[in-house]
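# A structural walkthrough
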Amino acid sequence: MVKEQLEYYAEITEAALDKYLPDTDCLQSSVIKAARYSLGAGGKRIRPALVMEFCRVCGGDAEDALPVACAIEMMHTFSLIHDDLPCMDNDDMRRGKPSCHKAFDECTALLAGDALAMLPFQIIAEAALKKRLSADAALKIISLLGERSGVFGMIGGQVIDTENEGKKLPENILLQMYSMKTGALLDFCCRAGCIAAGAGADKQLAASEYAQKLGLAFQITDDILDVTADEKLLGKPVGSDAESGKHTYVCAVGLDNARAEAKRLSQGAVKALDAFEDTQFLIKLTEYLLERNY
């Protein structure tokens, strides 16, 4: 069930993403091609699925939230392009394909990431202008996206990560970094889905609690997979975090303790879903993300 529903959300997201990107019949075609290359590199499309599913469980039509789902996938892809750059993680591979700066060049990749960071705000605003979202919902979602992707969210987490490369961080600092670097955009997804459906503060708070726990479990599981995964499935070299000097949660607490904490957090995320009805997909998705092998 979970894979089929994920595939459905991924299919409609990818079709919409293709329409949102402009044609390449222009002088600046290289940056559009680079953005399209990275957006089309695959992935589970977890973030769009969360946006649309939380809209649905709050009584909205999942596809009404599709512009927001596309916006967050663009923002996420921008972060991946920049993460892979030589000045950051210097990764040559992403999802089994050459990273954007390898497939194109560093300057084009940088600008493609910049473009994908700008376009989400335009997409959400246009969704309100076209009456797919209410103006009030669009403003709230735009504000939330700026907050959760900025210095108090994803970018802030990346700064903490970059400035502490090679250092042994205590568990609490690692978890704070993860909650910003990974959890912040997941928090946006779940809350934005609620907002798109017109849900109140109680539902948004419950969605945020779910997202925060899911985000930590997701990143800890990523750390585990960097040690244990099949390289072909992972799409990048196993052990690349350790090789680049990153101190991960597995380094801090050990593999068994990391697995136990990821499980505990996932169970807490599922408990937060008690505030909603018809959450079978979200429960199964949470379990799937914990048990995934790439």
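Structure: see above.
Residues numbered from 1 in each chain as written. Predicted model: local features only at pLDDT ≥ 70, side-chain atom pairs only at ≥ 80, totals over all residues. Heavy atoms only, no water.

### What about unusual backbone geometry?
Applied cut-off: Numbering of helices and strands starts at the N terminus; helices are DSSP runs of H or I of at least 4 residues and strands are runs of E of at least 2. Categorising residues by exposure relies on relative accessible area from a 1.4 Å probe, with only protein chains included: less than 20% of the type maximum marks a residue as buried, more than 50% marks it as exposed, and the intermediate range marks it as partly exposed.
Even without a glycine there, the phi angle at Arg45 is positive, about 55°. Within the secondary structure layout, Arg45 lies in the loop between helix H2 (29-39) and helix H3 (46-57). Owing to a relative accessible area of 3%, Arg45 belongs among the buried residues under this scheme. Here Lys131, not a glycine, exhibits a phi torsion of approximately 70°, which is positive. Following the sequence through the fold, Lys131 ends up in the loop between helix H6 (106-129) and helix H7 (135-149).

### Thoughts on the pattern of salt bridges
Rules: Just to be clear on terms, a salt bridge is a Lys or Arg side-chain nitrogen sitting within 4 Å of an Asp or Glu carboxyl oxygen.
Taken as a whole and judged by the stated rule, the model has 16 salt bridges. Residue Glu53 is joined to Arg56 by a salt bridge in which the shortest nitrogen-to-oxygen separation is 2.7 Å. You can see Glu53 and its partner Arg56 sitting in helix H3, three residues apart, about one turn around the helix. Classification of Glu53 by relative accessible area gives buried; the value is 1%. Residue Arg56 is classed as partly exposed on the basis of its relative accessible area of 29%. Here Lys213 ties to Glu209 by a salt bridge, and the two come within 3.5 Å at their closest N and O atoms. Here Glu209 and Lys213 lie together in helix H11 (residues 201-228), a separation of four residues that amounts to about one turn. Look at Glu209 and you get partly exposed, because its relative accessible area is 38%.

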